[in-house]
Amino acid sequence: MSELGGTVNKSKKQSPSLKARALRLLSMREYSRKGLAAKLEESVARAVKLQNPNEDSGEVIPAVPLTAQIEAVLDDFEARGWLSDQRFAEALVRRRSERFGARKIQDELAQAGVDSSKTAELLRNLKETEYQRAHELWLRKFGALATEQKERARQYRFLASKGFSSDVVSKVVAGRPD
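Residues numbered from 1 in each chain as written. Predicted model: local features only at pLDDT ≥ 70, side-chain atom pairs only at ≥ 80, totals over all residues. Heavy atoms only, no water.

### Thoughts on the overall build of the protein chain
Scanning the protein chain from terminus to terminus reveals 9 helices and 0 strands. Listing the helices and strands of the protein chain from first to last along the sequence gives α-α-α-α-α-α-α-α-α. Scored against the burial criterion, the 178 residues of the protein chain give a buried share of 31%. Long-range pairs, those at least 24 residues apart, make up 64% of the contacts in the protein chain between residues at least 6 apart in sequence. Per element, the accessible surface of the protein chain, about 11900 Å² overall, is 52% carbon and sulfur. (Helix = DSSP H or I, 4+ residues; strand = E, 2+ residues; numbered from the N terminus. Buried < 20%, exposed > 50% of the residue type's maximum accessible area, 1.4 Å probe, protein only. Contact = heavy atoms within 4.5 Å. Areas by Shrake-Rupley, 256 points an atom, 1.4 Å probe, with all protein chains shown as cover.)

This is how it looks when you write it as structure tokens:
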């Protein structure tokens, strides 16, 4: 017997609804609208494959109704305030700002499908503190100015690969204050 008083047939267990899946995903962390839609599509495809393991994958499920259902769930969640690209962007910036530069974070936000007009203020604040963040990262990784050109180039490449701008990287590696 289940908690609700009914019996549960294990062999014909029904998969959770789209809303339940989306809510479970959002309870773990913030998602962008595009990211949550991709996760839901992946989840539905996996559930369909598990329900029909013996069938060949030649049968194609029409994508239009599924996409429309996902969009309806996402619209509902945005209206309730459970899904927000702005909140996702703030969380991503908080998580990544200590280790990455504004350029890399901006690329991640664009890849996640977040509108650049929503993140303009966040990126402006990141660029204001970019020298300080790059310097702190450089101190943790290297701690001392390079004496040889080869070592300077290695430090420069490291900071540049983390998404810091070239002028900030040059100042940090050369030991010049901002």
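### Details of the confidence of the model for the protein chain
Mean pLDDT over the protein chain stands at 86; residues scoring 70 or higher make up 85%. Note that residues 6-11 has pLDDT below 50 and, in this model, 2 contacts with residues that lie over four places away or in other chains. (pLDDT = per-residue confidence, 0-100.)

### Things to note about the nonpolar core
Ranked by internal contacts, the top residues of the largest apolar core, which has 14 residues, are L36, L40 and L74. Among the elements of the structure, α1 (18-28), α2 (33-51) and α3 (63-80) are those that each provide at least two residues to this core. Discounting chain neighbours no more than four positions away, the residues touching L74 are R33, L36, A37, L40 and L83. (Core = buried A, V, L, I, M, F, W, Y, C linked by side-chain atoms within 4.5 Å.)

### Focus: the packing of aromatic side chains
Taken as a whole, this structure holds 2 aromatic pairs when the rule is applied. Taking 5.1 Å as the distance between ring centres and 75° as the angle between the ring planes, the aromatic pair formed by F77 and W82 counts as edge-to-face. Using a relative accessible area of 1% as the deciding quantity, one classes F77 as buried. Exposure remark for W82: the relative accessible area of 36% places this residue in the partly exposed category. Their ring planes at 85° and their centres at 5.5 Å tell us that F142 and F158 sit as a pair that is edge-to-face. Note that F142 is positioned in the loop between α7 (130-141) and α8 (149-161) and F158 in helix α8, a separation of 16 residues in sequence. An identical accessibility class is assigned to F142 and F158; each is buried. Seen from the ring of Y31, R29 lies directly overhead, with NZ or CZ sitting 4.1 Å from the centre. (Phe/Tyr/Trp six-rings, centres within 6.5 Å; stacked < 30°, edge-to-face > 60°. Lys NZ or Arg CZ within 6 Å of the ring centre and 35° of its normal.)

### As for a positive patch on the surface
A cluster of basic side chains, namely R24, R29, K39, R94 and R95, defines a positive patch on the protein surface. Among the structural elements, R24 can be located in helix α1. With relative accessibility at 45%, the residue R24 sits in the partly exposed group. (Patch = residues over 30% accessible without salt bridge, like charges linked within 9 Å, V, L, I, M, F, W, Y side chains within 5 Å. Salt bridge = Lys/Arg side-chain N within 4 Å of Asp/Glu carboxyl O. Lys, Arg positive; Asp, Glu negative; His and termini not counted. Charge placed at Lys NZ, Arg CZ, Asp CG, Glu CD.)

### Points about the side chain of S84
Structurally, S84 is set in the loop between α3 and α4 (85-96). Its relative accessible area of 18% is what places S84 among the buried residues. Among the polar contacts made by the side chain of S84, one reaches the main-chain amide nitrogen of R87 at a distance of 3.1 Å. Those residues within four positions of S84 in sequence are excluded, and the remaining contacts are E30 and Y31. (Polar contact = N/O pair within 3.5 Å; in protein donor to acceptor, adjacent residues only side chain to side chain.)

### Topic: α8
Its 13 residues give α8 an end-to-end C-alpha distance of 18 Å, which sits within 8% of 18 Å, the value for a rise of 1.5 Å per residue. Along α8, the residues that are buried comprise Q155, F158 and L159. Along the axis of α8, the buried residues cluster in a sector spanning 90°; they form a single face. Away from its buried face by more than 90 degrees, α8 exposes Q149, K150 and R157. Close packing links the buried residues of α8 with α7 and α9 (166-174). (Expected span 1.5 Å × (residues − 1). Arc of directions from axis to C-beta.)

### Overview of the pattern of salt bridges
Counted by the stated rule, this structure contains 10 salt bridges. Here R87 makes a salt bridge to E30, at a shortest N to O gap of 2.9 Å. Here R87, found in helix α4, pairs with E30, found in the loop between α1 and α2; they are 57 residues apart in sequence, far enough to count as distant. Look at the salt bridges and you will find they share partners, linking R33, E71, D75 and E78 into a network.

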